[in-house]
Amino acid sequence: MTTLLATLAIAKAFQGQDSNPNATKQTKGDNPIFKQAMEDTKFTHTVSKSGLSYVVEFSVKDLPNRIVWVTRETNVKNDIATQSIYTEVWSDKGAPPVDVLVKTVLRPAKKLGNYYVMKFDDGFYAIRFMATFDLAGLEASGETRTKAIERLKDTIYFVNQVGEETEKEIREK
Amino acid sequence: MILATTLFALTVAKASPVDPPEPTQIEKTFESLNLKSTTVPGFIQVQFSISETTRKQWVQIRTAPESYRSLQQNEVFSMVWESKNAPSNEKLIEMFLDPWSNGGMVMDLPSEKNPTYRLRFRINVNADIAPDRLKKVMQTVAATGDSLEKKFGGEGDIF
């Protein structure tokens, strides 16, 4: 295979505050553009107790409702603005998710999102599934914005569906 | 007779199975960036230089999009770790600990084609992403991938 080098110097390609592609900035509180987008999805949603996320609940037959969290703050990395959309698929207090983690993440990947592990100060562990929503198109109008809203809705649906499937799989093992 | 033979030959040539497939939307977008790249079936590969170091990092784009309802997304990823042996549970937790603001980790299991465990950092992009945004995502994946390769694999610069 011929190896070719793209002569891009990553950090030098950008000037100013966003010159580091690894640097992440967060807006504080609600991003009004995204807040309106959440309204336009027509999902019934509330704000979490911590105030950090919107909460969208899905009913699941014979099980507690599934919660999908949508972050209120917008992440900006290398000028790309995104919101995180996630759900919990497993949690336990005091025990690392060794077996469950292996069975969950070492399997055919869900190509539209990723699993990750959260470890809290009180010894609480959780496995979550997250997808990111690119805000591109929300500032536009007409069909472009309509498509972006549809993507937001479908990202929430997708996270919920993967959460349901993964939790069921973990429960059955 | 000669005309009929010529027409037949033209028809065969037009329907030849060696015709390249129509480029996907992300391939067309990438082409407009005029970046040097290599291609392997199903992937575009670009090598980035990491500024202020002598390190380099490959970034790959999966050319076929994944779909769910209205979502059409392509993976932009970089390898960060590879081993013939499965990572320990402690290592695995470390690799998957905490969320990324954009993107995340994925572990590929050994297969006939690739007999190793492979950890990748990836960001999914909309198939209709604008060229300048695709370039920025690729740069982020390269920089993040390189830092993760150092974190999990030491100072070697394999990927």
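Conventions we followed
Residues numbered from 1 in each chain as written. Chains lettered and ligands numbered in written order. Predicted model: local features only at pLDDT ≥ 70, side-chain atom pairs only at ≥ 80, totals over all residues. Heavy atoms only, no water. Helix = DSSP H or I, 4+ residues; strand = E, 2+ residues; numbered from the N terminus. Buried < 20%, exposed > 50% of the residue type's maximum accessible area, 1.4 Å probe, protein only. Contact = heavy atoms within 4.5 Å. Areas by Shrake-Rupley, 256 points an atom, 1.4 Å probe, with all protein chains shown as cover. Buried area = accessible area lost by both parts, 1.4 Å probe. Salt bridge = Lys/Arg side-chain N within 4 Å of Asp/Glu carboxyl O. Polar contact = N/O pair within 3.5 Å; in protein donor to acceptor, adjacent residues only side chain to side chain. Nonpolar A, V, L, I, M, F, W, Y, C, P; charged D, E, K, R; others polar. Pairing = 2+ DSSP bridges.

Draft legend 1. Here's a closer look at the overall build of chain A. The helix and strand tally for chain A stands at three helices and nine strands. The secondary structure elements of chain A, listed N-terminal to C-terminal, are β-β-α-β-β-β-β-β-α-β-β-α. A buried classification covers 48% of the 173 residues belonging to chain A. Across chain A, the fraction of contacts at a sequence separation of at least 24, relative to all contacts at a separation of at least 6, is 56%. Put simply, chain A shows about 8,900 Å² of open surface, and 49% of that area lies on carbon and sulfur atoms.

Draft legend 2. Main features of the interface of chain B and chain A. Taken residue by residue, the interface counts 53 residues in chain B and 54 residues in chain A. Carbon and sulfur atoms supply 60% of the area buried between chain B and chain A, which totals about 4,900 Å² over both sides. Among the residues chain B hides against chain A, the three largest losses belong to B:Tyr68, B:Ser101 and B:Arg133. Together they make up 13% of the total. Across the contact surface, chain B and chain A share four salt bridges. Inspection of the region where chain B meets chain A yields 13 residue pairs in polar contact (both at pLDDT 80 or more). The leading source of residues in the side of chain B that touches chain A is helix α4 (residues 131-153) of chain B, at 10 residues. Its residues assigned to classes, the side of chain B that touches chain A comprises 21 nonpolar, 20 polar and 12 charged.

Draft legend 3. Structural view of the pairing of strand β5 (residues 63-71) of chain A. All names here are of chain A. Pairing geometry for strand β4 (residues 53-60) and β5, over seven bridges, is antiparallel. By the bridge assignment for β5, Val56 is matched with Val68. Connecting β4 to the next strand, β5, in antiparallel fashion are two residues, including Asp62 with a positive phi near 65°.

Draft legend 4. Highlighting the environment of A:Glu150. Residue and element names in this part refer to chain A. For Glu150, the position within the fold is in helix α3 (residues 142-172). Among the residues examined, Glu150 registers a relative accessible area of 34% and is labelled partly exposed. Sequence spacing of Glu150 and Ala37 is 113 residues, and the spatial spacing of their C-alpha atoms is 9.8 Å.

Draft legend 5. Structural detail: the side chain of A:Ser48. Residues and elements named next belong to chain A. For Ser48, the position within the fold is in the loop between β3 (45-47) and β4. In this structure the side chain of Ser48 is engaged in a polar contact, spanning 3.4 Å, whose partner is the backbone nitrogen of Leu52. In this structure, Ser48 is in contact with Ser53, Val55 and Trp69, ignoring residues within four places of it in sequence.

So, to be careful, I would describe these as geometric facts and stop short of saying anything about function.
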